[in-house]
Amino acid sequence: MKKKTAIILLIIGILLVGGIYFQGQRIAKSKIKEVKTVGVSKGNIKSYLSTTAVIKSKESKDYYAAQLKINRVYVKRGSNLKKGEKILDYDTTDINAQVRQAQIQYDNAILQKRDALNQRGMIESKRKEIDEEIQRLEESKNPQDQITLGTLRGQRNSFQSISDEKLQLLDNSVALAKTALNTAYSKLNIASEGIISDFDGVITSLNAAQGSMGNPTQPAATLENIKLLKAVVSLGKYDVLKVKLGQEAIIKNGDKIYNGKVSFISPSASKGQSVMGVGTVDTGNKTLDCDIDILGSPENLKIDFDADVDILLGEVSGVLKIPTEAIRTDKSGKNFVYVVQNKVLNEKEVVLGFQSDMEAEIKSGLSQGEKVVLNPSASFKTGTKVKEI
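Residues numbered from 1 in each chain as written. Predicted model: local features only at pLDDT ≥ 70, side-chain atom pairs only at ≥ 80, totals over all residues. Heavy atoms only, no water.

Side note on the overall build of the protein
Phase 1 of the analysis: When helices and strands are counted, the protein shows 4 helices and 23 strands.
Phase 2 of the analysis: Taken across its 389 residues, the protein has 31% of its residues classed as buried.
Phase 3 of the analysis: When contacts within the protein are restricted to residue pairs at least 6 apart in sequence, those whose partners lie at least 24 apart make up 75%.
Phase 4 of the analysis: On the protein, roughly 25,000 Å² of surface is accessible, and the fraction owed to carbon and sulfur atoms is 51%. (Helix = DSSP H or I, 4+ residues; strand = E, 2+ residues; numbered from the N terminus. Buried < 20%, exposed > 50% of the residue type's maximum accessible area, 1.4 Å probe, protein only. Contact = heavy atoms within 4.5 Å. Areas by Shrake-Rupley, 256 points an atom, 1.4 Å probe, with all protein chains shown as cover.)

Regarding the pattern of salt bridges
Phase 1 of the analysis: All told, the structure shown has 14 salt bridges when counted by the stated rule.
Phase 2 of the analysis: Between K348 and E370 there is a salt bridge, and its shortest N-O distance comes to 2.6 Å. Placement of K348 in strand β19 (residues 344-349) and of E370 in the loop between β21 (359-364) and β22 (371-373) is noted, with a sequence separation of 22 residues between them.
Phase 3 of the analysis: We classify E370 as buried; its relative accessible area is 17%.
Phase 4 of the analysis: Where E388 meets K371, a salt bridge forms, and the shortest distance between an N and an O atom there is 3.5 Å. With E388 in strand β23 (residues 386-388) and K371 in strand β22, this residue pair connects regions lying 17 residues apart in the sequence.
Phase 5 of the analysis: The class of K371 is partly exposed, set by a relative accessible area of 39%.
Phase 6 of the analysis: Within the structure, one salt-bridge network assembled from shared partners comprises D330, K334 and E347. (Salt bridge = Lys/Arg side-chain N within 4 Å of Asp/Glu carboxyl O.)

Quick notes on the sheet that holds strand β4 (residues 60-64)
Phase 1 of the analysis: An order of β4-β10-β9-β6 is seen for the 4 strands of this open sheet, with the pairing classed as antiparallel. In this open sheet, the two strands that pair with only one neighbour each are β4 and β6 (80-81).
Phase 2 of the analysis: Pairing between β4 and strand β10 (residues 219-224): 5 bridges, direction antiparallel. In the sheet register, S60 faces β10, and the bridge partner there is E224. (Pairing = 2+ DSSP bridges.)

Describing the environment of A360
Phase 1 of the analysis: Within the fold, A360 resides in strand β21.
Phase 2 of the analysis: For the pair A360 and I45, spaced 315 residues apart in the sequence, the C-alpha separation amounts to 7.6 Å.

A few points about the environment of T324
Phase 1 of the analysis: As for its position among the elements, T324 is in the loop between β16 (306-323) and β17 (328-329).
Phase 2 of the analysis: Residues T324 and M358, spaced 34 residues apart in sequence, show a C-alpha to C-alpha distance of 5.5 Å.
Phase 3 of the analysis: The contact partners of T324, leaving out residues within four places of it in the chain, are S356, D357, M358, E359 and A360.
Phase 4 of the analysis: A distance of 3.1 Å separates a polar atom in the side chain of T324 from the backbone oxygen of D357. (Polar contact = N/O pair within 3.5 Å; in protein donor to acceptor, adjacent residues only side chain to side chain.)

Looking at unusual backbone geometry
Phase 1 of the analysis: The backbone of N342 sits at a positive phi, close to 55°, despite the residue not being glycine.
Phase 2 of the analysis: Assignment of secondary structure puts N342 in the loop between β18 (335-341) and β19.
Phase 3 of the analysis: With a relative accessible area of 77%, N342 lands in the exposed category.
Phase 4 of the analysis: Located in the positive-phi region is N375, a residue other than glycine, with phi close to 50°.

A closer look at the packing of helix α2 (residues 93-138) against helix α4 (residues 164-193)
Phase 1 of the analysis: With their axes 8 Å apart at the nearest point, α2 and α4 run at an angle of 160° to one another. When the interaxial angle is binned, α2 and α4 end up roughly antiparallel. In the packing of α2 onto α4, the handedness of the crossing is left-handed.
Phase 2 of the analysis: Here the residues of the contact of α2 with α4 sort into 18 nonpolar, 6 polar and 6 charged. (Axes fitted to C-alpha atoms, helices over the stretch in contact; angles between N-to-C directions. Parallel < 35°, antiparallel > 145°, perpendicular 65-115°, else oblique. Left-handed = near helix turned anticlockwise from the far one by under 90°. Nonpolar A, V, L, I, M, F, W, Y, C, P; charged D, E, K, R; others polar.)

Everything listed here is a matter of geometry and, on its own, says nothing about what the molecule does.
What follows is the structure in structure tokens.
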């Protein structure tokens, strides 16, 4: 009996010791943190500004019709044109009548001026003859000549010559009639030529119809070169400081990628607007338009569609680098990381160089091959035991 009791006690003791041991092991394991790590590597870093752009044509023109009756429209929306092809022409019946009327008014003004000059010449000539006769009679002692002298003096005083002011008015009338005639001929030239394409392109908008009057305030047609495109992005005040002329860019449209280059940055900002109710409200946000020339053949890109754009802001080659998610910064501005050494953490201060959104150059503090912890917890410290996963 005593022997059996001793065996039972021994078994209980073994179980207690085992339980305590395994409990200790479990507690010890619970203190080991699981971490994800990545090795410090050498390579290249590229920094991009990722944004959205609107595709536009680099060669685009709005054609405005003259206020004349449209005789014929030769195109429709989507028509492909070569340089020099006609878009529309005008009915010249009315403008020809205007030219004839303006010509008559100009001719009449010339005739009136010529008639006035002739009258003035005749009056001046007659007055000169009378003056000569008066001078002769004034020297005569013949009583009859003295009577004639009085009559001649009365005739002379009755002559009303054409004044310089009246001649100036007639000159003005001629000038106005000439201007009206030139304007009419100019309209006739425009009407006779119609609207001609200035470059190869596609009609993307058409607001003209046969028999209607041209509207000078609204484009009759828009011609755009769909083979010469650009991506237009709006830069905020912080992005403007990063983007420079000549920087390379990548334009993405679905699974297609196109190369580009920054070609223009607007010198003045435009205010952002948002639609509210029946009007627009100034949001106060100011942006600069930036043009990115699309290089090569821009197949499948459509004007006025959106596209994703990555502008290359800078790059470095052959440098030590780590993911930015491994870096922490304390209150003093010191940058540090945690490296795993012998299954424990060791905090290391690092000096950063060039950075992108995803990676950072390490100037000092780390060596190639060391393993840094990704997304380190605020509770981590030097000496913390860890397990890499």
